[in-house]
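Now for the letters of each chain:
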Amino acid sequence: MAHAPREIILAKNLGFQYVGAQKAAIHGIDLSIKENEFILLTGPSGCGKTSLCRCLNGLIPNFYQGEWTGELLVDALSVTTQLTSELSRRVGYVFQNPENQLFALTVEKDIAFGPENLGLSREEIRQRVDEAMNVTGTLSLKDLAPYELSGGQQQRVALAGVLAMKPSVIVLDEPTSFLDPHTAEEVMGATDDLRRELGLTIVVVEHRLDLVARYAERIVVMDAGKIVADGDLEETLDEKFDLLEGLGVGVPRVSLLWTMLRRDGLVSGKVPTHVESAASSLGDMMSQ
Amino acid sequence: MSLRTLEGFKFSTLKTPVHLLDPRTKFLIVIAVLVPALVFANIYVMIALLLSQLPLLLIGKVARRWALSLRAGVFLSALIFVVNLFTGSYLSAIALTLRFLVLLTSFSLFFMTTSPDDLGLALDRIGAVRWLSRRWLGYPNALSFTFTTAVRLVPTLAVDAQTVVDAQRSRGLELDKGNLLKRVRNYIPILIPLLLIAIRRSLELAEALESRGFPGKEGRTSLFQLKLRPVDYAIIALSLAIIGISFWVYFHYKIPVL
Amino acid sequence: MITLEKVSFTYRSGQRALQDVDLNIEGGDFIAIMGENGAGKTTLAKHLNGLLKPSQGRVLVDGDDTRKVSVAKLSRKVGLVFQNPDHLLFSETVKDEVAFGLKNFGFTPEVVHKQVERTLEALGLSEYAESSPFLLSGGERKRVALAAILATEPDYLILDEPTIGQDYQQKERLRNFILQLYSQGKAVVMITHDVEFVAESNPKVILLSQGRIVARGPADSVLSKDELVKKASLVRPQMSRLFGELAKYGLPGDVVDVHRARLLLEEKLLEAKARVAQNS
């Protein structure tokens, strides 16, 4: 089964200015995302990452009013002609604050919420809820109330609720900000597992690159509303390291270390993006 | 005093026979207690109503919490008793105080054994609520949905309220000092952040829900549904009978206080 | 100095949050309190300004027992900055917000005005003096909350999770600011789970787990110990993990800071280069 992955998101000259804002939050965005990619979207605070994400599932322009320019196609549907409820079948969104995504009084009912909105049959809803709980490991939590859960559990339940919609793309906007490091890594790992198992396309917004570097193949960097870098994660960190540092992006510590050593002529080769590859590259250098 | 009373109205997640009754049934039980309690002022009736709810409290395993709420309601009961001493006889004061306790118990029992979720589902099924919801908010389940969300936010906002108080006290705000005017003004630094936090949480919630397809098109389905079982029908029949008999007796006989 | 003597605390619900905590905080200290969610970090912080009183043991702030002094009085010395700035902000302007604490402590209008100006400048907020705090961005609101507590110049500053949601540049600014404060003789206590920030700032680390202090020491020794880090639901800093993998090359295990890592690696790499040159 070797068909070329299809293009699932296409933005052409996309721009948006919120009502009452002095300038556009994003402008001139050209972006093409293919099926099953894992994309890291990053940039300094206020660069427009969240605004771009909101366009992907229709929150912009339906929930947030303003001026829209350009075109955005999601799964061949034009975002401006669709309601968020229609787009939610294709693009799921996991938000930063775990607690404010869960509204029902039990986990099970919360996960069922999305499919219920789609008007599916009771059997179909039951099946989707069970599947979502199984795949996110939240079955044991099903009768608990949202405020009884830990942050990590809440995010997994939020993820389950999104998965029950059977989207092809999931956007996660700084999903681990409020989680402790260990749980953060678990959530990221689980997200990547889901991507492989279900063939999903993942877009993660994150300041801390080392958390996601292990999984993301592609990085999109934004600054002041525009995309300033877009490409393979390793290559971009390698070739555009100074740009990223200048923007104040939290480059992985191992990448920083390597770049410093490389500048002094002590190592050569591509910049590693996470601990394992850094260890192996440095090991090679030292055992010569 | 006040916060402990609330414990006697909080839903406890158990699966007793009382909990499993349909919320509409339980609401009818409340009415079946309310009507005789309001229509009569007889001490024996009040005692009977109070005692008849005891088995429900015990089967529902909420008797201990109810006792807590009673203890907290002591102040109000004493107030009612004293006021009625002045406006009526000694015996009527007792009867009316007992009536207050009967009503308190009835509502307490209802809220402790009915999950807000089920209440939401019940509201969804009531035609009048759906109609109103469609007129006001555009969707038939919007009202019951609003209710569920409000209930869900209560424990979260309670924590927020405590945090705001802590945060402002950490800036030197003293809530227990000063004359009445100053004390009222001192609540502004508490209420404004709390209000804004509530609004922010609601907006974030709305955003998250819209991202999962809310409100969808007409024809939203539901995973769970309420079902009236034989025991529900039996209790509904009994409740209606009690209500009917109470009115009949009221219109035909004069029942004294004792 | 703030002293905690065998402090234990149990919530009214019966939940035991702190057990036998002994701790001293002096001027010039920079301390990071770390631990898993529910370990008792915030509970501990609330004991420092009297919001919570110990069930057992006692807390002394400059000699005053917190059970005998009001929170308002303790807040003059101990500034507690809560995690979510929205729990504090309520004023019409940023200026008013920052003045609130000063007014509560009874300073004259002239002093209030001067302090507000100074604090706003120190935090880069002067341009927002007349703005509404609610219209500012998340990062700016966090700074306003910080300004509001700093305006009264407390001797001890307690920061609850100050780095959440901040980008790298904002964290750098914060780090420099903290450096300024403790080198001025103030004590800065930071509750955090941001391992990399701690690795780069080198505070003294206090690790809490299930209400007890399970480790204390410099960041590089505490954060490189696997069992401790796991208990606290943290991860070892990148440098520590890297050096863990490179242990067979004779590199030490307790490295958390990039610059020290670089120096150590420089040595080894130069050696390797020398070997290559020799052999060829």
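What comes next is a walk through the structure. Once a new chain begins, its residue numbering starts again from 1 and follows that chain's sequence as written. Written order determines the labels here, with chains lettered from A and ligands numbered from 1. The predicted nature of this model means local features are confined to residues of pLDDT at least 70 and side-chain atom pairs, given and counted, to a pLDDT of 80 or more, with totals for whole chains, interfaces and linings taken over all residues. The basis for the side-chain values is all heavy atoms of the structure; hydrogens and waters are excluded.

## Quick notes on the overall build of chain C
Threshold: A helix here means a DSSP run of H or I that spans at least four residues, while a strand means a run of E at least two residues long, and both kinds are numbered starting from the N terminus. Three labels apply to residues, based on accessible area from a 1.4 Å probe with only protein chains included: buried if under 20% of the type maximum, exposed if over 50%, partly exposed otherwise in between. What makes two residues a contact is simply this: any of their non-hydrogen atoms within 4.5 Å. Two residue types count as positive, namely Lys and Arg, and two as negative, namely Asp and Glu; His and chain ends fall outside the count. For this purpose, a charge sits on NZ of Lys, CZ of Arg, CG of Asp or CD of Glu.
Per the secondary structure count, chain C includes 11 helices and 10 strands. Across its three principal directions, the C-alpha atoms of chain C cover 80 × 45 × 30 Å. For chain C, the residues scored as buried account for 57% of the 280 residues in total. Sequence-distant contacts in chain C: of pairs separated by 6 or more residues, those separated by 24 or more amount to 60%. Between the mean site of the 37 positive side-chain charges and the mean site of the 37 negative ones, chain C shows a separation of 5 Å.

## Section: the overall build of chain B
Heads up, the condition is: For every accessible area listed, the method is Shrake-Rupley and the probe measures 1.4 Å; residues are considered covered only by the protein chains on display.
Within chain B, the secondary structure is distributed over 13 helices and zero strands. For the C-alpha atoms alone, the extent of chain B along its principal axes is close to 60 × 55 × 35 Å. The 258 residues of chain B split such that 43% are buried. Here the analysis covers contacts within chain B between residues at least 6 apart in sequence; of these, 76% occur between residues at least 24 apart. Of the roughly 14100 Å² of accessible surface on chain B, 72% is carried by carbon and sulfur atoms. Charge centroids of chain B, computed over 29 positive and 14 negative side chains, lie 6 Å from each other.

## Section: the interface of chain A and chain C
Using the following cut-off: Accessible area that two parts lose when put together, with a 1.4 Å probe and added across both, is what the buried area reports. Two N or O atoms form a polar contact when they lie within 3.5 Å of each other; inside protein one atom must be a possible hydrogen donor and the other a possible acceptor, and for residues adjacent in sequence the pair counts only when both atoms belong to side chains.
Taken together, the contact pairs 41 residues of chain A with 37 residues of chain C. In this assembly, chain A packs against chain C so that about 3400 Å² is buried in total across both faces, 64% of it on carbon and sulfur atoms. The three residues of chain A that bury the most area against chain C are Arg253, Leu266 and Met286 of chain A, which together make up 22% of that side's buried surface. Run the count over chain A and chain C and you get 14 residue pairs in polar contact (both at pLDDT 80 or more). Looking at the side of chain A that touches chain C, the elements that each hand over two or more residues are α7 (181-198), α10 (241-247), α11 (253-263) and α12 (275-286) of chain A.

## Considerations on the interface of chain B and chain A
Keep this limit in mind: The term salt bridge refers to a pairing of a side-chain nitrogen on Lys or Arg with a carboxyl oxygen on Asp or Glu at a separation within 4 Å. Just so you know the grouping, Ala, Val, Leu, Ile, Met, Phe, Trp, Tyr, Cys and Pro go in nonpolar, Asp, Glu, Lys and Arg go in charged, and all remaining residues, Gly too, go in polar.
Opposite the 33 residues of chain B that make contact, chain A presents 41 residues. Summed over both partners, the interface of chain B with chain A comes to about 3400 Å²; 54% of that surface belongs to carbon and sulfur atoms. Contact with chain A buries surface across chain B, with Arg152, Arg212 and Leu223 of chain B losing the most and accounting together for 25% of the total. Our count for the contact surface shared by chain B and chain A stands at three salt bridges. A salt bridge links glutamate 99 of chain A to arginine 201 of chain B, with the nearest nitrogen and oxygen atoms 3.5 Å apart. Counting the contacts that link chain B with chain A gives 18 residue pairs in polar contact (both at pLDDT 80 or more). Only α8 (116-125), α10 (142-169) and α12 (188-210) of chain B provide two or more residues apiece to the side of chain B that touches chain A. When grouped by side-chain class, the residues that make up the side of chain B that touches chain A number 13 nonpolar, 10 polar and 10 charged.

## Looking at a nonpolar patch on the surface
Residues and elements named next belong to chain B. Rules: Residues forming no salt bridge and having over 30% relative accessible area are the ones grouped into patches, like charges within 9 Å of each other and nonpolar side chains (Val, Leu, Ile, Met, Phe, Trp, Tyr) within 5 Å.
A surface patch of nonpolar side chains, amounting to about 350 Å² of accessible area, comprises Ile47, Leu51, Leu54 and Leu58. Note that leucine 58 resides in helix α4 (residues 43-59). With a relative accessible area of 55%, leucine 58 lands in the exposed category.

## Quick notes on the packing of helix α3 (residues 23-39) of chain B against helix α7 (residues 90-113) of chain B
Residues and elements named next belong to chain B. To be explicit about the condition: Each axis is a line fitted through C-alpha atoms, and for a helix only the stretch in contact is used; angles between axes span 0 to 180 degrees, taken between their N-to-C directions. These descriptions rest on fixed angle ranges, namely under 35 degrees for roughly parallel, over 145 for roughly antiparallel, 65 to 115 for roughly perpendicular, and the rest for oblique.
For the pair α3 and α7, the least separation of the axes is 10 Å and the interaxial angle reads 180°. Between α3 and α7, the crossing angle belongs to the class labelled roughly antiparallel. On α7, the residues touching Pro23, Lys26, Phe27, Val30, Val33, Leu34, Ala37 and Leu38 of α3 are Arg99, Val102, Leu103, Ser106, Phe107, Phe110 and Thr113. Residues of the contact of α3 with α7, tallied by class, amount to 11 nonpolar, two polar and two charged.

## Details of empty space enclosed by the protein
Keep this limit in mind: Here a cavity denotes a set of grid points, spaced 1 Å apart and computed over the protein atoms alone, in which a 1.4 Å probe fits but from which it cannot get out, and a pocket denotes an open set meeting protein on both sides within 12 Å along at least five of seven lines; residues with an atom within 4 Å of a point are reported as lining. Grid points are joined across faces, edges and corners, and a volume is the space filled by probe spheres set on the points.
Evaluation of the coordinates by the stated rule reveals six cavities of 30 Å³ or more. Approximately 510 Å³ is the volume attributed to the largest cavity. Arg208 and Asp210 of chain A together with Lys171, Asp194 and Glu196 of chain C are, among the 31 residues lining the largest cavity, the residues nearest its centre. Only α7 and α8 (209-212) of chain A together with α6 (168-183) and α7 (195-201) of chain C provide two or more residues apiece to the lining of the largest cavity. Here the residues of the lining of the largest cavity are counted per class, giving 10 nonpolar, seven polar and 14 charged. Along its surface, the second largest cavity is lined by Val18, Lys26, Ile29, Val30, Val33, Gln53, Ser106, Leu109, Phe110 and Thr113 of chain B. Mapped onto the lining of the second largest cavity, the elements with two or more residues apiece are α3 and α7 of chain B.

## Quick word on the nonpolar core
To keep it simple, the criterion reads: In this description, a nonpolar core means a group of buried Ala, Val, Leu, Ile, Met, Phe, Trp, Tyr and Cys residues linked to one another through side-chain atoms lying within 4.5 Å.
In this structure, Ile2, Leu4, Ile25 and Leu223 of chain C are the most contacted members of the largest nonpolar core, which totals 83 residues. The residues contacting leucine 4 of chain C, other than those within four sequence positions of it, are Val21, Asp22, Leu23, Leu44, Leu48, Arg58 and Val59 of chain C.

## Here we look at the packing of aromatic side chains
Definition in use: Between rings of Phe, Tyr and Trp, where Trp is taken as its six-membered ring, a pair exists when centres lie within 6.5 Å; planes separated by under 30 degrees are stacked, by over 60 edge-to-face, and by other angles tilted. Geometrically, a lysine NZ or arginine CZ counts as sitting over a ring once it is within 6 Å of the ring centre and also within 35 degrees of the ring normal.
Per the stated rule, a full pass over the model turns up 18 aromatic pairs over all chains. Aromatic pair phenylalanine 30 of chain C and tyrosine 182 of chain C: ring centres 5.2 Å apart, planes at 20°, arrangement stacked. One end of the pair, phenylalanine 30 of chain C, is in strand β3 (residues 30-35); the other, tyrosine 182 of chain C, is in helix α6, and 152 residues separate them in sequence. Accessibility expressed as a relative area gives 8% for phenylalanine 30 of chain C, which makes it buried. Given a relative accessible area of 22%, tyrosine 182 of chain C falls into the partly exposed group. Among the aromatic residues, those joined into a cluster by ring pairs are Phe16, Tyr18, Phe63 and Tyr64 of chain A. If you follow arginine 54 of chain A out to its NZ or CZ, it ends over the ring of tyrosine 64 of chain A, 4.0 Å from the centre. Seen from the ring of phenylalanine 224 of chain B, lysine 109 of chain A lies directly overhead, with NZ or CZ sitting 5.3 Å from the centre.

## Overview of the sheet that holds strand β5 (residues 77-78) of chain A
All names here are of chain A. This is how the line gets drawn: At least two DSSP bridges between two strands are required for those strands to pair.
Taken in spatial order, the four strands of this open sheet run β2-β1-β4-β5, and their pairing is antiparallel. A single partner strand is all that each edge strand has here, and the edge strands are β2 (26-34) and β5. Inspection of the sheet shows strand β4 (residues 66-74) paired to β5 by two bridges, in the antiparallel sense. Note that in β5 the partner of leucine 73 across the bridge is serine 78.

## Quick notes on the pairing of strand β6 (residues 78-81) of chain C
Residue and element names in this part refer to chain C. The two faces of β6 match: Val78 and Leu80 on one face and Gly79 and Val81 on the other face are all buried. As defined by bridge partners, β6 adjoins strand β7 (residues 156-160) across four bridges and the pair is classed as parallel. The residue bridging leucine 80 from the neighbouring strand is isoleucine 158, located in β7.

## Remarks on the pairing of strand β8 (residues 187-191) of chain C
Residues and elements named next belong to chain C. With five of its five residues buried, β8 lies for the most part within the structure. Burial of β8 is two-sided: the residues Ala187, Val189 and Ile191 facing one way and the residues Val188 and Met190 facing the other way are all buried. Inspection of the sheet shows β3 paired to β8 by four bridges, in the parallel sense. Across the sheet, alanine 32 pairs through a bridge with methionine 190, a residue of β8. Bridge analysis of β7 against β8 gives five bridges, and the strand direction is parallel. Following the sheet pairing, tyrosine 156 is matched in β8 by alanine 187.

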